[in-house]
Amino acid sequence: MTGLSKPRLERMHQVLSGHIERKQMPGLVALVSHHDDVHIETLGTLAFDNPAPMKRDTIFRIASITKLITAVAAMILVEECKLRLDDPIDPWLPELANRRVLKSISSEIDDTVPASRSITVRDLLTYRLGFGSVMAMPDTYSIQKFIRDYRLGGDGPPRPTQAPTMDEWLQRLGSLPLMKQPGERWMYHTSADVLGCLIARVSGQSFGTFLRERIFDPLGMKDTAFHVPPEKITRLPGVYFLNHQTNKLGSFDDPANSAWSAPPPSEAGGGGLVSTIDDYFVFSRMMLNKGRHGREQILSRATVELMTSDQLTPEQRTGAEIFFGNYSTWGLGIAVDIGRTEIYNTPGRYGWTGGFGTTAYIDPAEGMIGILFTQRMMDSPEPPKVFTDFWTLAYGAME
């Protein structure tokens, strides 16, 4: 059998509806496809105070599932030999040349040693730049204050309108030491933002223009961009966070004056995009189909296979257990499952989650795609119950 079980899909509907009924979020849109059978759930409303229903064309802030799109864009340039995986990035991003490295994460900002080598394109795709999110309480380490004050990102939810321009961001990042030697350790997030800058410099166009011309337009992804234009703003839902003081949901970004309603000062490869379930589905189908969509060939089969294979040693994953557990690793710009600990962790499955309540994975062995868009921010690295329920139900529905 190659489809989805109707009774099992009914179970999915009931369980996901329960999250809405318990007011854990106003609404959600979910998609599961198994070969040619596609099922979509649209549940709830755009906001707690907006009765307009969730629809297939609701535009979500997709946060970190932007990262896979950024990696695909970089690999387009690798396929054109405009970038090479093991070339230093110094010629295009001179701000990040001649790095210094903190003696340890707890060192003061000037207690450094020279970097052992330049940062390469491969380091960015494997998130081994040597700089990233610090998984510790704020102000535990000296470097965290600079990340916050310089608005480098990766230390909390993004607010695009408050970001520095790309050139300013690179200068600020380049003024700080790395936390690890290039290539030494996987560190979250910052590598993807640097990739976006690299793509802009190498292509000679803005990152957003490159994405539109090389990925979004060829795939027909008409609602995916770095901001929501005025004529589409009514399709943007509210987004909520859990206030730990009151234990109630608070509003993080209101569509009426959204930080996504105008073009941002810089287009963030780590988490800046908005998209719809259908747009992200067509992108995911291109990946599942090894780079092809209809007559469009975005990437070669060999490139997709490389991107979705394990690119880290166990040593390089050390310290990232909060992200990978013992079942996952990183390819080129994307997480890849390597062990089976849950119904839905199948070796070879790849994808990621986003801090604004989005998750999308592709399972080549099963020929399946699952995408869940909510507007409830994640409040810990542990996946929210709505995610684990969705994945359990999606895998349970496959015949």
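Structure's up top.
Everything in this summary refers to the structure shown in the same document. (Residues numbered from 1 in each chain as written. Predicted model: local features only at pLDDT ≥ 70, side-chain atom pairs only at ≥ 80, totals over all residues. Heavy atoms only, no water.)

Once that is clear, we can look at unusual backbone geometry. Its identity is not glycine, yet aspartate 139 carries a phi of approximately 65 degrees, on the positive side. Mapped onto the secondary structure, aspartate 139 falls in the loop between helix 3 (121-125) and helix 4 (142-149). (Helix = DSSP H or I, 4+ residues; strand = E, 2+ residues; numbered from the N terminus.)

Remark: helix 2 (residues 66-79) packs on helix 7 (residues 207-219), axes separated minimally by 10 Å, with the N-to-C direction vectors making an angle of 80 degrees. Taken as axis vectors, helix 2 and helix 7 run roughly perpendicular relative to one another. Facing helix 2, whose interface residues are Ile69, Thr70, Val72, Ala73, Ile76 and Leu77, helix 7 presents Phe207, Phe210, Leu211, Arg214, Ile215 and Phe216. (Axes fitted to C-alpha atoms, helices over the stretch in contact; angles between N-to-C directions. Parallel < 35°, antiparallel > 145°, perpendicular 65-115°, else oblique. Contact = heavy atoms within 4.5 Å.)

Glancing now at the environment of leucine 242. Assignment of secondary structure puts leucine 242 in strand 7 (residues 239-243). Assessed through its relative accessible area of 19%, leucine 242 is described here as buried. Placed 135 residues apart in sequence, leucine 242 and methionine 377 show a C-alpha to C-alpha distance of 7.6 Å. Once residues lying within four places of it in the same chain are set aside, the contact partners of leucine 242 are Asn247, Lys248, Leu249, Arg376 and Asp379. (Buried < 20%, exposed > 50% of the residue type's maximum accessible area, 1.4 Å probe, protein only.)

Attention shifts here to the side chain of threonine 112. Following the sequence through the fold, threonine 112 ends up in strand 6 (residues 112-114). Judged by relative accessible area, which is 14%, threonine 112 ranks as buried. Of note is the side chain of threonine 112, whose polar atom sits 3.0 Å from the side chain of arginine 100. If near-sequence neighbours (up to four positions away) are discounted, threonine 112 is found in contact with Arg100, Val101, Leu102, Lys103 and Pro177. (Polar contact = N/O pair within 3.5 Å; in protein donor to acceptor, adjacent residues only side chain to side chain.)

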